[in-house]
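One letter stands for each residue in the lines below.
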Amino acid sequence: MSRETLWAALNVTNWGEFWWVMVGLTGQVMFTMRFLVQWVVSERSRKSVIPVAFWYFSLGGGMILLSYAIWRKDPVFILGQSTGMVIYLRNLWLIYAERRARAHADD
């Protein structure tokens, strides 16, 4: 595949844009991974489970996609990703607060 064909397919015109699209695609792959992890864990458990890794992939993918959205100057995408980041961080905080409380209860 030629560079021109690749750039046309990705709707980019220079290397800077190309690398930012690669950043965005990396974030999207991380977002996809969170669903794959959740699916595998749920299948193994034979019930719906949201593992901690789901929230880490959400956070990582969200941070990368937020960076991409800021570069694109897309206010809708920026608002969506920044709101999601608050939710992902809050879920991780709740998980670790519960673990700390259980650890102290076991002492």
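See above for the structure.
Just so you know, the residues in each chain are numbered from 1, in the order the chain's sequence is written. pLDDT decides what is reported in this predicted model: residues at 70 or higher carry local features, side-chain atom pairs at 80 or more are listed and counted, and totals for whole chains, interfaces and linings draw on all residues regardless. In computing side-chain properties, one takes all heavy atoms of the structure into account and sets aside hydrogens as well as water.

Asker: Any chance you could explain the pattern of salt bridges here in plain terms?
Answerer: Pairing is possible between side chains of opposite charge, provided their charged atoms come close. Salt bridges are identified by distance alone: a Lys or Arg side-chain nitrogen within 4 Å of an Asp or Glu carboxyl oxygen. For the coordinates displayed, the defined rule picks out one salt bridge. A salt bridge links E4 to R3; its shortest N-O distance comes to 3.5 Å. Any residue under 20% of the maximum accessible area for its type is buried, any over 50% is exposed, and the rest in between are partly exposed; the area is computed with a 1.4 Å probe on protein chains only. R3 sits in the partly exposed class, given a relative accessible area of 41%.

Asker: Sorry if this is basic, but what is going on with the environment of F18 here?
Answerer: The numbering of helices and of strands both runs from the N terminus, where a helix is a DSSP run of H or I of at least 4 residues and a strand a run of E of at least 2. When you line up the elements, F18 lands in helix α2 (residues 15-45). Taking the C-alpha atoms as reference, F18 lies 7.2 Å from W7; in sequence the two are eleven residues apart. Ignoring anything within four residues of it in the chain, the contact list for F18 reads L6, W7, L10 and V12. What makes two residues a contact is simply this: any of their non-hydrogen atoms within 4.5 Å.

Asker: Is there a simple way to explain the environment of F31 in this structure?
Answerer: Tracing the backbone through its elements, the reader meets F31 in helix α2. Sequence separation of F31 and M1 is 30 residues, and the distance between their C-alpha atoms is 27 Å. The residues contacting F31, other than those within four sequence positions of it, are F57, S58, G61, G62, L65, Q81 and Y88.

Asker: Whenever I open this one, unusual backbone geometry confuses me. Can you help?
Answerer: Notably, N11 is not glycine yet its phi reads approximately 60 degrees, a positive angle. Considering the arrangement of structural elements, one finds N11 in the loop between α1 (3-10) and α2. For R46, which is not glycine, the phi dihedral falls at a positive 60 degrees. By the secondary structure assignment, R46 is in the loop between α2 and α3 (52-72). Residue class for R46 comes out exposed when judged on its relative accessible area of 73%.

Asker: Sorry, what's going on with the packing of aromatic side chains here?
Answerer: Where two aromatic rings form a pair, the distance of their centres and the angle of their planes describe that pair. Only rings of Phe, Tyr and Trp enter the pairing, Trp through its six-membered ring, and a pair is recorded when the two centres are within 6.5 Å. The plane angle decides the type: under 30 degrees is stacked, over 60 is edge-to-face, the rest tilted. For the structure shown, the criterion picks out ten aromatic pairs. Ring geometry for W7 against W15: centres 5.2 Å apart, planes inclined by 85 degrees, an arrangement best described as edge-to-face. An angle of 80 degrees between the planes, with centres 6.3 Å apart, marks the rings of Y68 and F77 as edge-to-face. A relative accessible area of 14% means that Y68 is categorised as buried.

Asker: I would appreciate a short explanation of the packing of α3 against helix α4 (residues 75-106) in the present structure.
Answerer: When two helices pack together, their arrangement is captured by the angle between the axes and the distance separating the axes. For helices, the axis comes from a line fit to the C-alpha atoms of the stretch in contact; other axes are also lines fit to C-alpha atoms, and the angle between any two N-to-C directions lies between 0 and 180 degrees. Look at α3 against α4: their axes get within 9 Å of each other, and the N-to-C directions meet at 155 degrees. Regarding the angle of α3 to α4, the classification is roughly antiparallel. The two elements α3 and α4 cross, and the hand of that crossing is left-handed. Taking contact as the criterion, the partners of V52, W55, Y56, S58, L59, G62, M63, L65, L66, Y68, A69 and I70 in α3 are, on α4, F77, I78, Q81, S82, M85, Y88, L89, N91, L92, I95, Y96 and R99. Working definition: roughly parallel below 35 degrees, roughly antiparallel above 145 degrees, roughly perpendicular at 65 to 115 degrees, and oblique for all remaining angles. Should the near helix be turned anticlockwise from the far one by less than a right angle, the crossing is termed left-handed; should it be turned clockwise, right-handed.

Asker: Explain the packing of α2 against α3 here, please?
Answerer: At their nearest, the axes of α2 and α3 sit 8 Å apart, and the two run at 160 degrees to each other. The angle between α2 and α3 falls in the class roughly antiparallel. The handedness of the crossing between α2 and α3 is left-handed. Residues are grouped as follows: nonpolar covers Ala, Val, Leu, Ile, Met, Phe, Trp, Tyr, Cys and Pro; charged covers Asp, Glu, Lys and Arg; every other residue, Gly included, is treated as polar. Among the residues forming the contact of α2 with α3, the class breakdown is 15 nonpolar, ten polar and two charged.

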